[in-house]
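Listed below, chain by chain, are the residues.
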Amino acid sequence: MDNLVARKREIASLPKPAGEVAVGLLTADTSLARLSIAAAFPVLVAIWALLSPDRLLSREMSWDLLFNLSGAWHLHYGHVAHVDFHDPVGELNFFLTTLGFAIAGPTPHAFLVGVTIITCFLFTIAVIVAWRRLPLLPAAIFVVFVCFLALRPANIGDLPTAYSFAMSYNRYGWSAVAILTLLLFAPPRAGRGSDWIEAIAAGLLLIAIYYLKVTYFAVGIGAVGFALLVSPHIRGQWRIWLAVAGVTTLNAIAPYNHAYLADVLGAVRAGGVRDSLGNHLMNFFAYADSYAAYIVAFILAVLMWWNGRAPLQLPFATAFLLAAGTFLLSQNAQPHGMPLAIVIAFLFVDQLRQLRAAPLLLAALLVFPLLSIGTSALSLAAYHLKTGCEQCLLVVDDTNLRGLAVPAERRGLLAAFAAGDTKEPLLNQSRAVQPRYELSQYEYIETIMEAAALLAGPHYQPGGVVVLDQVNPLPFMLGWRPARGETLWSGAGMPMQSPDALFADVDHVLIPKFSTYSPGTAAARAKYGAYLADHFPVRRETQSWIVVSRAPAILPP
């Protein structure tokens, strides 16, 4: 008998064929520690690729990155979001960068520290959720998928080489909602029931996305309500999940969030909601081939339910993910890309595993998240390499903006204008006959560095600053106290404040001759021009700026 037991142990210890190992990875249970280690390695490599360069590279929409740094600078000075400054985006996006200031100092690198912090949060919850539902390989892929969404230096739907940290809240939101929907629509495996740990995880995700962007919270609460109807593992513990929905909803409408909601409603009234059906349809049909696979998935889910091979929960969950993803996409400044729909692949993996489907079919479903991971990995690797290109980058080495890098240019529009090779600045010309000009990243950095050097000179006292452009990076750049009352983002679809509210705490106003959004600057000049002429009589004009200041804020020459 002892010999037989020893022989069995010897056979079990022999190396398994590769095919058997692959089947085990796709179907067998795994430990929480093993999943954590397997998923942590690629995530740590990605974080290293982002953090290790001594500069932050921004190739597109650099002003949106500075919008984040400006909001964080307000919090750094103890200002209250939506009271001392205004924006419909939630406070968490700025608070992460404020934590980065405490760790890395007031530089653009602090933003990347904030990215790392929220990625660690998403990693922790994703590991718990995936371990309870999926075998090792699909679970590890899911965790890496959601973490890479947050880490990638490009927006969803953009080219991997976009190198833009604009609208980071959308990347975090997609990732968090993907984790939440897998938790709600995929049942836990035997012995890993949906208990209070998952309820706390879901509550944390809902609170996080509320303070990122309200649209993600709306989808998250809708997902909980829908799961109470169609997911047996949620419906079976309906008291817990009603409590989760109730607590997070009460938090959303609590008095301390009224100012946040007022900013959201103000943006809605000003036209911040993207409600053009024609544009949505155009974007859909322009990328119809990208969405075809998900529509086919819904049809297959219905057929599997019809044939008794899947519960009704599968087609319902698939339909919800497609509808929710379409809604989120319609309210984001991105033409295509729907990461939430990739969760459908994991729902099918879970269902086919229960049916003991062929491992090759399970592996084929993982192609969808693997392609997304590949896109993010390519973006991170290319970003890391590009930051080392000394000849092709302009790196800021002065002010708190030091370490920011943008693509270098031999000669931009501003240099040509200074040499007299172009017409007058477009701001002073009729929009009816003059096409709109968009600043390049290089030109934009040139203009704001010129403004910072001007205000840091001997003739201006430190004080509140407003820039009549989409964003105001100067208080952060100079290390000055930010003015209370400003709107962080003054682009299209944002409300314009009254002059008394906007300029009450302001000593200097800078009007760009070359704006990141010329119609917005023109509208601001029309609305505030008379007020500025009455209260800010001292003027100075440079190549790129018109500067007006209160008389006490100007020092004698």
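Participant: Quick rundown of helix α12 (residues 238-253)? Include the residues and the values.
Facilitator: For α12, built from 16 residues, the straight-helix expectation of 22 Å at 1.5 Å per residue is met to within 8% by its first-to-last C-alpha distance of 22 Å. Turning to α12, its buried residues are Trp241, Val244, Ala245, Thr248, Asn251 and Ala252. Burial along α12 is one-sided: seen end-on, the buried residues are contained in an arc of 130°. Pointing more than 90 degrees away from the buried face of α12 are the exposed residues Arg239, Val247 and Leu250.

Participant: Lay out helix α9 (residues 196-210) with the relevant residues and their values.
Facilitator: With 15 residues, α9 extends 21 Å from end C-alpha to end C-alpha; this agrees with the ideal 21 Å at 1.5 Å per step. Considered for burial, the residues of α9 that qualify are Glu198, Ala199, Ala201, Ala202, Gly203, Leu205, Leu206, Ala208, Ile209 and Tyr210. Where α9 is buried, its residues touch α5 (92-104), α6 (109-131), α8 (168-185), α10 (214-230), α12 and α13 (258-269).

Participant: Any details on the sheet that holds strand β9 (residues 545-549)? Residues and values, ideally.
Facilitator: Reading across from one edge, β5-β7-β9-β8 is the order of the four strands in this open sheet, with mixed pairing throughout. Every interior strand has two partners, whereas the edge strands, β5 (465-467) and β8 (538-541), have only one. Here the average twist between neighbouring strands, direction ignored, is 15°. As paired elements, β8 and β9 share four bridges and run antiparallel to each other. Bridged to Val538 within β9 is Ser549. Here helix α21 (residues 441-455) sits on the sheet and contacts β5, β7 (508-512), β8 and β9; the angle it forms with β9, its principal contact strand, is near 35°.

Participant: Outline the pairing of β7, supporting the account with residue identities and numerical values.
Facilitator: The side chains of a regular strand alternate, first on one face of the sheet and then on the other. Extensive coverage of β7 is indicated by the burial of five of its five residues. Across the two faces of β7 the burial is the same, with His508, Leu510 and Pro512 and Val509 and Ile511 all buried. Pairing between β5 and β7: three bridges, direction parallel. Note that in β7 the partner of Val467 across the bridge is Leu510. The sheet contact formed by β7 and β9 spans five bridges and is antiparallel. Residue pairing for β9: Ile511 is matched across the bridge by Ile546.

Participant: Give me the side chain of His79: which residues, what numbers.
Facilitator: In this structure, His79 sits in the loop between α4 (62-76) and β2 (85-86). Here His79 falls in the buried class, since its relative accessible area comes to 5%. A distance of 2.9 Å separates the side chain of His79 from the side chain of His74, its partner in a polar contact. Filtering out sequence-adjacent residues up to four positions away, His79 remains in contact with His74, Asp84, Phe85, Pro482, Ala483 and Arg484.

Participant: Describe the side chain of Ser544, naming the residues involved and giving the relevant values.
Facilitator: Along the chain, Ser544 turns up in the loop between β8 and β9. The class for Ser544 is buried, based on a relative accessible area of 1%. Reaching out from Ser544, the side chain makes a polar contact with the side chain of Glu450 at a distance of 2.9 Å.

Participant: Give me the lowdown on the nonpolar core, citing residues and values where you can.
Facilitator: Judged by nonpolar contacts, the single largest core of 158 residues is most densely connected at Phe142, Leu184 and Leu401. Tallying contributions element by element places helix α7 (residues 136-151) first for this core, with 14 residues. Other than its neighbours up to four places away in sequence, Phe142 contacts Ala126, Ala130, Leu134, Ala178, Ile179, Leu182 and Phe346. With 15 residues, the next largest nonpolar core counts Leu502, Val509, Tyr528 and Tyr531 among its residues.

Participant: With reference to specific residues and values, describe the confidence of the model for the protein.
Facilitator: Here the protein shows a mean pLDDT of 85. Residues at 70 or above account for 83%. Note on residues 14-22: pLDDT is under 50 here. Beyond four places in sequence and across chains, it has one contact. Overall, residues 417-436 carries pLDDT values under 50, and its contacts beyond four positions in sequence, including any with other chains, amount to 35 contacts.

Participant: Which residues make up the packing of aromatic side chains, and what are the values?
Facilitator: By the definition in use, this model includes 26 aromatic pairs. With a centroid separation of 5.2 Å and an interplanar angle of 20°, the aromatic rings of Phe226 and Phe320 are classed as stacked. You can see Phe226 sitting in helix α10 and its partner Phe320 sitting in helix α16 (residues 313-330), a full 94 residues away along the chain. On the basis of relative accessible area, Phe226 is assigned to the partly exposed category, the value being 24%. Accessibility expressed as a relative area gives 15% for Phe320, which makes it buried. On the basis of an interplanar angle of 45° and a centroid distance of 6.2 Å, the ring pair of Tyr294 and Phe368 is categorised as tilted. Here Tyr294 is found in helix α15 (residues 288-306), whereas its partner Phe368 is found in helix α19 (residues 367-386), with 74 residues between them in sequence. Grouping aromatic residues by their ring pairs yields a cluster made of Phe67, Phe85, Phe94 and Trp489.

What counts as what
- In this convention, every chain numbers its residues from 1, walking through the sequence in written order.
- Confidence filtering applies because this is a predicted model: local features only for residues at pLDDT of at least 70, side-chain atom pairs given and counted only at 80 or more, and all residues used for totals across whole chains, interfaces and linings.
- Computation of side-chain values: all heavy atoms of the structure, hydrogens and water removed.
- Where helices and strands are cited, they refer to DSSP runs of H or I of at least four residues and of E of at least two residues respectively, numbered from the N terminus.
- Working rule for helices: expected span equals 1.5 Å times residues minus one.
- Relative accessibility under 20% of the residue-type maximum defines a buried residue, over 50% an exposed one, and the middle range a partly exposed one, all with a 1.4 Å probe and only protein chains included.
- Directions drawn from the helix axis to the C-beta atoms are what define this arc.
- Whether two residues are in contact is decided by their heavy atoms, any of which lying within 4.5 Å being enough.
- Only when DSSP finds a minimum of two bridges between them are two strands counted as paired.
- To obtain each axis, a line is fitted to C-alpha atoms, and for helices this fit is confined to the stretch in contact; angles are then taken between N-to-C directions over 0 to 180 degrees.
- Between N or O atoms, a polar contact is any pair within 3.5 Å; within protein, one atom must be a potential hydrogen donor and the other a potential acceptor, and residues adjacent in sequence are included only when both atoms are from side chains.
- Nonpolar core, defined: a set of buried Ala, Val, Leu, Ile, Met, Phe, Trp, Tyr and Cys residues in which side-chain atoms within 4.5 Å join the residues together.
- Each residue carries a pLDDT value, the predictor's own confidence for that position, ranging from 0 to 100.
- The pairing test for Phe, Tyr and Trp rings, Trp by its six-membered ring, is centres within 6.5 Å, and the orientation test on the planes gives stacked under 30 degrees, edge-to-face over 60, and tilted for anything in between.

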